[in-house]
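Results of the structural survey
The primary structure of each chain is shown beneath.
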Amino acid sequence: MTRFALAVPVEHEQRLAAEAARHGHEVVVRCSGAEELAARIPAATPEAALVAAIPQYLNAALVSTCDAAGVRLVVCAAGPEQHRHARALGIIDAIDGEPAWHTPVQDAARPPDTGQVVDDDTSAPYEPPTAPARPRGTVITVWGPHGAPGRTSLAIAIAAELADTGLTVALGDADTHAASIDPALGLLDEAPGFAAACRLAGTGALTNAEFERIAEWNRSGHTGFWVLTGLGRPSRWPELTAKRVTGVIDAARTWVDVLVLDVAPSLEQDEELSSDLAAPRRNAATIAAVRAADHVVAVASADPIGLTRYLRAHAELVESAEPTRMTTVVNKVRSGAIGVNPQAQIAQTLSRFGGISQPVLIPWDPAAFDAAVLGGKALRDAAPRSAARLAVRTLVLERLTPAPVRESRRSRRKLA
């Protein structure tokens, strides 16, 4: 017998309670929402909790309470929106469909790897429902020239802000020169996830299950995002060929809503310098990621040297990506390096010498970025009220969030 707690819509509650009793289990508490269930778990001491993947019945507080109390959480998700909500809370094994006893609810008290359990009626085998086709995911490549303009910090910040909108997000480190996402987030770099994905893509074995096996989950706020860590040793760059990187990007479009890629600064195509035209190219990963991206975030540093480097490299960037797919982000904006009214001076310089309009300006906020690096966190977690974080959030909501999600948010604001 298993002691169950229920937090499901009222139309399912009575039926599930009756079916639990018929199978010899006990429903010790029924709740109308996640907050009520989280408050009653310590006293009711259930062994498992069956909840619907709806914000009313499933939130971060309930997940934390169940983890702390050792209560197995059985989540039923009907449709892609509910699956997305569950994944945003770190639940990657939600059961597809409305709450029903023929799902693995009966086996909730056993270890999760015991497999599917059907109803007592064994006249017909259990057939899992077909997963609905998910929309094609979006790819955002974060690039910038040499000189440390802040590519990695912004890539991490962008991934965290996208995840905060309810999207499933993966952050990949495709830098073949100086990968740095894993130390920036305090993750182990013993097994580079992006290189492993490239090897699987090269053999045609890269599936969603493989992605989740080799990726690391990084919690951010009440949600989080997947991380494909970069190369621990730069000498392993030949593993990231253009074909493999393109294969990883194509496979990731069916895995997550948004893939954010951090890439190296070099865009040179050095075929003419090599006698072996079939040899791998160190910059091929960057070029492939830029060409395959739906949106390229091009990062410049807000000082005379950084802007000069950006304008020179921008000419090479437009050979791989159309300007309509780019957003120029100028990082570390401060008057000490530019002069009076730095925003106007930066905009005029980019327009005059690069034909670049409407750049996004990120203010100089070293304390916030230092706190993020020190804590191994995204900017939104280390300094949620910093000016730099607010600028990144505006960038994400206005320019990088996929159109359907952006329109949905606007509709909710109008109704409110």
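Refer to the structure above for everything that follows.
Before going into details, it helps to say that this report is about the structure given with it. (Residues numbered from 1 in each chain as written. Predicted model: local features only at pLDDT ≥ 70, side-chain atom pairs only at ≥ 80, totals over all residues. Heavy atoms only, no water.)

Quick notes on the sheet that holds strand β6 (residues 138–143)
We count it as follows: Two strands make a pair as long as DSSP finds a minimum of two bridges between them. Elements are defined by DSSP. Helices are runs of H or I of four residues or more, strands are runs of E of two residues or more, and each kind is numbered from the N terminus. Here, axes are lines fitted to C-alpha atoms. For helices the fit covers the stretch in contact, and angles between N-to-C directions go from 0 to 180 degrees.
Spatially, β8-β9-β7-β10-β6-β11-β12-β13 is the arrangement adopted by the 8 strands of the open sheet, whose pairing is mixed. Edge positions in the sheet fall to β8 (216–220) and β13 (360–363), since each has one partner strand and no second. Going from strand to strand, the sheet's axes swing by 25° on average, the running direction of each strand aside. In the sheet, β6 pairs with strand β11 (residues 295–301) via 4 bridges, with the strands oriented parallel. By the bridge assignment, Val 142 is partnered in β11 with Val 297.

Notes on the nonpolar core
For the record, the criterion: What we call a nonpolar core is a set of buried Ala, Val, Leu, Ile, Met, Phe, Trp, Tyr and Cys residues that are connected through their side-chain atoms within 4.5 Å. In this scheme, a residue with accessible area under 20% of its type's maximum is buried, one over 50% is exposed, and one in between is partly exposed, where area comes from a 1.4 Å probe on protein chains only. Contact between two residues is taken to exist if any of their heavy atoms lie within 4.5 Å; hydrogens are not considered.
Among the nonpolar cores identified, the biggest contains 51 residues, and Phe 194, Phe 211 and Trp 255 are the most heavily contacted of them. It is helix α7 (residues 193–202) that contributes the most residues to this core, 6 residues altogether. The contact partners of Phe 194, leaving out residues within four places of it in the chain, are Gly 172, Asp 173, Ala 174, Leu 228, Thr 229, Leu 240, Val 245, Val 248 and Leu 261. In terms of nonpolar packing, the next biggest core, distinct from the first, is built from 38 residues, Val 227, Val 299, Ala 368 and Val 392 among them.

What about the packing of α7 against helix α9 (residues 242–252)?
Note the cut-off: Angles are sorted into four bins: roughly parallel if under 35 degrees, roughly antiparallel if over 145, roughly perpendicular if 65 to 115, and oblique for all others. Under the convention adopted here, Pro, Cys and the residues Ala, Val, Leu, Ile, Met, Phe, Trp and Tyr are nonpolar, Asp, Glu, Lys and Arg are charged, and Gly plus all remaining residues are polar.
Contact pair α7 / α9: the axes reach a minimum separation of 8 Å and the direction vectors enclose 95°. Relative to α9, the element α7 is oriented roughly perpendicular. Across the interface between the two elements, Phe 194, Ala 197, Cys 198, Arg 199, Ala 201 and Gly 202 from α7 touch Arg 244, Val 245, Gly 247 and Val 248 from α9. In terms of residue class, the contact of α7 with α9 is made up of 6 nonpolar, 2 polar and 2 charged.

What to know about the environment of Pro 342
Mapped onto the secondary structure, Pro 342 falls in helix α13 (residues 342–354). Pro 342 gets classed as buried once you look at its relative accessible area, which sits at 8%. What Pro 342 contacts, discounting residues up to four positions off in sequence, is Val 333, Arg 334 and Ser 335.

As for empty space enclosed by the protein
What counts, and what does not: Only protein atoms enter the 1 Å grid, on which a cavity is a set of points fitting a 1.4 Å probe that cannot get out and a pocket is an open set with protein on both sides within 12 Å along at least 5 of 7 lines, lining residues being those with an atom within 4 Å of a point. Grid points are joined across faces, edges and corners, and a volume is the space filled by probe spheres set on the points.
What the rule picks out here adds up to 1 cavity of 30 Å³ or more. Roughly 50 Å³ of volume is contained in the largest cavity. Taken together, Arg 87, Leu 167, Thr 168, Val 169, Trp 217, Gly 224, Trp 226, Trp 255 and Val 256 make up the lining of the largest cavity. For the lining of the largest cavity, the residue count by class is 6 nonpolar, 2 polar and 1 charged.

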